[in-house]
Amino acid sequence: VPQQMLERVLRQLEPLCTREQQFLEEFFQLSHDTADLPGLKVSVRSVLSSPLFQVPFHPEDPTTQLLSEIFTCLEPELRGFLDVCTKAHPLGCLQGLVALSDSVFGMWGSSSDPSSSFLNTVLGNVLLLAKSSFNKCVGTLCKEIEEAKIPSKMKGGILPSVSRFEEFVGFSEEVFRTARSRRELDKAHLRLASSVFSSIHSVSSATLKVSTDMVMMENFHHIHCFLCQQNIRCLEDKKREAKQRYNEHMEKYVIKNLGQPLEKLSHFFEGVKARLAQGVKEEEVSFQLAYSKQELRKVLEKYPGKEVKKALETLYRKIHKHLSPEENLLPVVWHSMEQEFIRQYREFEGLIQRCYAGSGIAMEFSVEDLLSYFSSITLSN
């Protein structure tokens, strides 16, 4: 595993560099004020000016100068190793970031003056590279999620962009499980969550063979359940938003599909409500040619209880076919349909009583009949 290899390398480097730094400071007495030791000052300068040390001398930091020459290949090798980690796994940059962050944080915690550590400076530089690689990786993934094309044969279910988001979160949470800091990861989670939400919203009905609201309902439900399991603090707002979106699209899906069992009756009463909204009085609606008592009776004759039950059975089979089994939303959606259907029935019943008072006109099935239809369909499937 790249992360374990990098951690092993860093564990071996720290005592090596620390011992070398201590030796140089003691041998050249660099911890003393070299201004008071002119002979030593000349000695250090001559060492740093020799052909072995081809760098300008900085009297204020001779230890760092010596270590830079002794370990001249350290930073390039670490950068190369980090590059190998990144190429070895699509998300290898996460592992390098965690290993380097923990090492730097550990050195800051164990040293009274971490800025004086040569290794800490080197690791800090490599850590900046790791953060840059990580940010590029996240940016690329965000773009892929936002631009992901839905397979032409896809009829519904969980979108590829949602699966990619879950894979990243699952893998990264495991990598960062014992990390000392997760600041970079939290920022990445928020960026990716925004991208996947945008991806779901951009789903077009033209690219799917099923209801767009159904697809959005299932995918937001899936994300909400996933985030509940992960319990990631920085994504609490996204979790609440996912639940809100899921409820909104389920409501739209239910309302759209409920027009099918009583389609003509729904159209009739939509027209009645439109006339009332235009200012027509309730007692005058029945004098409108298209909404007369005779026209209402014709529409109601098309919906005896037997036909309503048959239409509901057809609707149930359609929903069962389209909803993905892994989400198990069928019982929830079907119950919502029952509640909305009864609400719609009572609305129609109220309009008949107000606009066609004394006519004796009524629907041929009752609320109790509807409850019986829904119950029997649920039990038989």
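Structure first, text after, so check above.
Procedures and definitions
- Residues numbered from 1 in each chain as written.
- Predicted model: local features only at pLDDT ≥ 70, side-chain atom pairs only at ≥ 80, totals over all residues.
- Heavy atoms only, no water.
- Axes fitted to C-alpha atoms, helices over the stretch in contact; angles between N-to-C directions.
- Helix = DSSP H or I, 4+ residues; strand = E, 2+ residues; numbered from the N terminus.
- Parallel < 35°, antiparallel > 145°, perpendicular 65-115°, else oblique.
- Left-handed = near helix turned anticlockwise from the far one by under 90°.
- Contact = heavy atoms within 4.5 Å.
- Nonpolar A, V, L, I, M, F, W, Y, C, P; charged D, E, K, R; others polar.
- Buried < 20%, exposed > 50% of the residue type's maximum accessible area, 1.4 Å probe, protein only.
- Phe/Tyr/Trp six-rings, centres within 6.5 Å; stacked < 30°, edge-to-face > 60°.
- Lys NZ or Arg CZ within 6 Å of the ring centre and 35° of its normal.

**Quick word on the packing of helix 13 (residues 305-322) against helix 15 (residues 367-379)**
Relative to each other, helix 13 and helix 15 sit at 40°, their axes nearing to 10 Å. The angle between the axes of helix 13 and helix 15 places the two elements in the oblique class. Helix 13 and helix 15 meet at a crossing whose hand is right-handed. For the pair helix 13 and helix 15, the contacting residues are Gly 305, Val 308, Lys 309, Leu 312, Glu 313 and Tyr 316 in the first and Leu 370, Tyr 373, Phe 374, Ser 376 and Ile 377 in the second. Per-class residue counts for the contact of helix 13 with helix 15 are seven nonpolar, two polar and two charged.

**Looking at the environment of Val 169**
As for its placement among the helices and strands, Val 169 is situated in helix 7 (residues 160-175). On the basis of relative accessible area, Val 169 is assigned to the buried category, the value being 0%. Taking the C-alpha atoms as reference, Val 169 lies 8.7 Å from Gln 230; in sequence the two are 61 residues apart. Not counting residues up to four positions away in its chain, the partners in contact with Val 169 are His 189, Phe 226, Gln 230 and Ile 232.

**Considering the packing of aromatic side chains**
As enumerated under the stated definition, the model contains nine aromatic pairs in all. Ring centres of Tyr 316 and Trp 334 lie 4.8 Å apart, and the angle between their planes is 85°; this geometry places the pair in the edge-to-face category. Here Tyr 316, found in helix 13, pairs with Trp 334, found in helix 14 (residues 330-355); they are 18 residues apart in sequence, far enough to count as distant. What links up through ring pairs into an aromatic cluster is the set Phe 268, Phe 269, Tyr 291 and Phe 348. The positively charged end of Lys 238 is found above the aromatic ring belonging to Phe 197, 5.0 Å away from the centroid.

**A few points about the environment of Thr 121**
Tracing the backbone shows Thr 121 in helix 6 (residues 118-147). The spacing of Thr 121 and Val 104 is 17 residues in sequence and 9.0 Å in space, taken between C-alpha atoms.

**Quick notes on the side chain of His 249**
Relative to the helices and strands, His 249 resides in helix 10 (residues 236-258). You can call His 249 buried: its relative accessible area is 7%.

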